Amino acid sequence: MRILMVCLGNICRSPLAEGILQSKVNTAIKVDSAGTAAYHVGELPDKRSIAVAKKYGIDLTNQRARKFTVKYFDTFDLIYAMDESNYQNILALSRDKDDEQKVSMILNEVHPSSNEDVPDPYYGGNDGFENVYQMLDEACTIIADKIK
Ligand code: 4NP
């Protein structure tokens, strides 16, 4: 089982989602992340994501930002988008129904069919990162229970 978390920059939300889900499942399950934009490719996660994860015992410093490309439809079984815009950008690259069916909005695991966004915390303060952490922790607990 391979799971990909996707946001815009791959420095704030999806690195947290990757770290949180990986901490809840065994290492046979591969969790990774990517961004739909290339602005931050090669960079470490945002300092604020690293800090909030560290507070809960999760290390994000082995991660480097990557851009989502169509090949990820072949290498992952499930693809979780953090928000509606990421979801549309991923779907725009899908080639067929198999690709499309891999993609969902991560908070639909918590509130099915509600299509709620994980808010982009990039331009806000530390509170936004704590809020995102809690939302993703709740969603990842549900995902981990389903797949393990
Ligand atoms: P992320 O947050 O999509 O959660 O990684 C963002 C990071 C960078 C930018 C926007 C959102 N940016 O515009 O550079």
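Residues numbered from 1 in each chain as written. Predicted model: local features only at pLDDT ≥ 70, side-chain atom pairs only at ≥ 80, totals over all residues. Heavy atoms only, no water.

**A look at the overall build of the protein**
Consideration 1: If you tally the helices and strands in the protein, you get 6 helices and 4 strands.
Consideration 2: For 148 residues, the compact-globule estimate of 2.2 N^0.38 gives 15 Å, and the C-alpha radius of gyration of the protein, at 14 Å, lies within 12% of that figure.
Consideration 3: Seen through its C-alpha atoms, the protein measures out along the principal axes to roughly 40 × 35 × 30 Å.
Consideration 4: Burial statistics for the protein: of 148 residues in total, 47% are counted as buried.
Consideration 5: At a minimum sequence separation of 6, the contacts of the protein that also span at least 24 residues come to 72%.
Consideration 6: Entry remark: accessible area of the protein is about 7300 Å², with carbon and sulfur atoms responsible for 50%.
Consideration 7: Across the protein, 17 positive and 22 negative side-chain charges occur, with their mean positions spaced 6 Å apart. (Helix = DSSP H or I, 4+ residues; strand = E, 2+ residues; numbered from the N terminus. Rg over C-alpha atoms; globule rule 2.2 N^0.38 Å. Buried < 20%, exposed > 50% of the residue type's maximum accessible area, 1.4 Å probe, protein only. Contact = heavy atoms within 4.5 Å. Areas by Shrake-Rupley, 256 points an atom, 1.4 Å probe, with all protein chains shown as cover. Lys, Arg positive; Asp, Glu negative; His and termini not counted. Charge placed at Lys NZ, Arg CZ, Asp CG, Glu CD.)

**Some remarks on helix 1 (residues 13-24)**
Consideration 1: Taking 1.5 Å of rise per residue, 12 residues should cover 16 Å, and helix 1 covers 17 Å from first to last C-alpha, within 8% of that figure.
Consideration 2: The element helix 1 is extensively covered by neighbouring structure, given that 9 of its 12 residues are classed as buried.
Consideration 3: All of the buried residues along helix 1 are Arg13, Ser14, Pro15, Leu16, Ala17, Glu18, Gly19, Ile20 and Leu21.
Consideration 4: Each element contacted by the buried residues of helix 1 is listed here: strand 1 (2-7), strand 2 (30-35), helix 2 (47-55), helix 4 (84-91) and helix 6 (126-147). (Expected span 1.5 Å × (residues − 1).)

**A few points about the pattern of salt bridges**
Consideration 1: Taken as a whole and judged by the stated rule, the model has 11 salt bridges.
Consideration 2: Across the pair aspartate 32 and arginine 66 runs a salt bridge, and its minimum N-O distance is 3.2 Å. Of this pair, aspartate 32 sits in strand 2 while arginine 66 sits in the loop between helix 2 and helix 3 (72-75), and the two are 34 residues apart along the sequence.
Consideration 3: The class for aspartate 32 is buried, based on a relative accessible area of 15%.
Consideration 4: With relative accessibility at 27%, the residue arginine 66 sits in the partly exposed group.
Consideration 5: Three or more residues are tied together by salt bridges with common partners; here these are Lys30, Asp32 and Arg66. (Salt bridge = Lys/Arg side-chain N within 4 Å of Asp/Glu carboxyl O.)

**Thoughts on the pairing of strand 3 (residues 78-81)**
On any regular strand, side chains alternate: one points to one face of the sheet, the next to the other face.
Consideration 1: Relative to strand 3, strand 1 runs parallel, the two sharing 4 bridges. Counted as the bridge partner of leucine 4 is isoleucine 79 from strand 3.
Consideration 2: Summarising the sheet, strand 3 and strand 4 (residues 103-105) pair through 3 bridges and their orientation is parallel. Across the sheet, the residue bridging to tyrosine 80 is serine 104, located in strand 4. (Pairing = 2+ DSSP bridges.)

Interpretation note: all reported values are geometric properties and have no functional meaning in isolation.
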